[in-house]
Amino acid sequence: MQTLQKVLPKYTIALILVFIVTVSYLFTRGNMVDVEAVTVADAELVQAVYATGFIEAVAVANLSAELSGTVKNVAVREGERVSAGQTIMAFETVQPELEVREARAAYDEQSALFAERQLRHTRSRNLYREGAISRQEFDDAEKNMRQAGELLEQKRMRLKIREDEMKKVAVRAPFSGILVLQSVKTGDYVSANTVVARVIDTTGYVVNVEVDELDVPRIKTGQKAMIVLDAMPDKRFESVVSRVVPQTDTITKTSRVYLRFLKPVIGIQAGMTATANIIYNVKPRSLLVRKSSVFEENHVSHVWKIENGKLKKQRLKTGAGDLAFVEVIDGLKNGDQVIPVPEERFREGMDVRVMKPDARP
């Protein structure tokens, strides 16, 4: 019994020491957090407007049937090249051809009559000079010739109108390019004003993007832009703003902006999806912090800063920003380390251990 009483105090002291060490370890270990860190640094700040759109050919012609009729033949297929004035398709229609024949016959007849009246006028003038006919007879001959000339001009104009109508029985390419739409085939009946073909000029393309109305005031012609195509995600294409359409869509609240490629782009096609970053301001040197590092409390911006191995909730005054970074006006200096992504478990004064090498912005 005495031996047990002597031993118990020793075990009790040992247990107390183990308890104290364990609690101390848990307390200190529980206040330690493993983090990644990034360093705040001076860098160039590029501010840009992000917009989406599509590739558009510089020249596009939607061709319609100007007369109703049945398609007689289709001379060009989709994807084939056409020359300016080349017939793409023709229609079967009798009326225009008959009208051209009638107008030409009337013109030829009047032309012969005018030639005969001219000859009479010349003869009358010679006879009048010789005193063989009266002044009245000469004036009548001159009047008849003038009237015949006026009628001839009317017949000529009517013939031209009929010939122009005759041209409408065929759909022709207005310029050289590629046929990208052919919506009818031989034997189809087509009503007048129906779009039957489309030709595009593939020698040049522009990018048509929609810009939010809040960003439109920042956009000016001549500004540089960077284009990315969904079809070529690994490439970047330089362009400039060539046109800003001064009209905001009442539904989408966007305005159209056209961008021109600075260099020809191989492999692009009209209709391809494109995204653009239109640069409207560049600050050569600004103190930048990642946007992901910044959080707000009571409408005030903060970051978790690492100071003397501990976490500190640092207030910030921020300025301009781009898609990834924001300018620091006050609250940090060049070389300060901050947490890239804030977490709810972070508390002021926590000890930190940086797990990965620092990555500068």
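Coordinates for the structure precede this section.
Note that this is a predicted model, so its numbers are computed, not measured.

Cut-off values and rules
- Residues numbered from 1 in each chain as written.
- Predicted model: local features only at pLDDT ≥ 70, side-chain atom pairs only at ≥ 80, totals over all residues.
- Heavy atoms only, no water.
- Axes fitted to C-alpha atoms, helices over the stretch in contact; angles between N-to-C directions.
- Helix = DSSP H or I, 4+ residues; strand = E, 2+ residues; numbered from the N terminus.
- Parallel < 35°, antiparallel > 145°, perpendicular 65-115°, else oblique.
- Left-handed = near helix turned anticlockwise from the far one by under 90°.
- Pairing = 2+ DSSP bridges.
- Phe/Tyr/Trp six-rings, centres within 6.5 Å; stacked < 30°, edge-to-face > 60°.
- Buried < 20%, exposed > 50% of the residue type's maximum accessible area, 1.4 Å probe, protein only.

**As for the packing of helix 2 (residues 95-130) against helix 3 (residues 135-167)**
For any two helices packed against each other, the geometry is given by the interaxial angle and the distance between the axes.
Turning to step 1, where the next piece is worked out: Put simply, helix 2 and helix 3 touch, their axes get as near as 8 Å, and they point 160° apart. By the criterion of interaxial angle, the relationship of helix 2 to helix 3 is roughly antiparallel. For the element pair helix 2 and helix 3, the recorded crossing hand is left-handed.

**Some details on the pairing of strand 12 (residues 232-248)**
Turning to step 1, where the next piece is worked out: Sheet topology places strand 11 (residues 224-229) next to strand 12; five bridges connect them, and they run antiparallel. Across the sheet, residue Leu-229 finds its bridge partner in strand 12, namely Met-232.
Turning to step 2, where the next piece is worked out: Connecting strand 11 to the antiparallel partner strand 12 that follows it, the hairpin turn spans two residues.
Turning to step 3, where the next piece is worked out: For strand 12 and strand 13 (residues 254-261), the ladder comprises six bridges, and the chain directions are antiparallel. When the sheet's bridge partners are listed, Arg-243 is paired in strand 13 with Tyr-258.

**Quick word on the packing of aromatic side chains**
Turning to step 1, where the next piece is worked out: Under the defined criterion, the tally for this structure stands at four aromatic pairs.
Turning to step 2, where the next piece is worked out: Here Phe-237 and Phe-261 contribute two aromatic rings whose centre-to-centre distance is 6.2 Å and whose plane-to-plane angle is 90°, an arrangement assigned as edge-to-face. Residue Phe-237 is located in strand 12, and its partner Phe-261 is located in strand 13; the two are separated by 24 residues in the primary sequence. Take Phe-237 and Phe-261: they sit in the same class, and that class is buried.
Turning to step 3, where the next piece is worked out: Pairing Phe-295 with Trp-304 gives two aromatic rings, centres 6.0 Å apart and planes at 25°, and the pair type is stacked.

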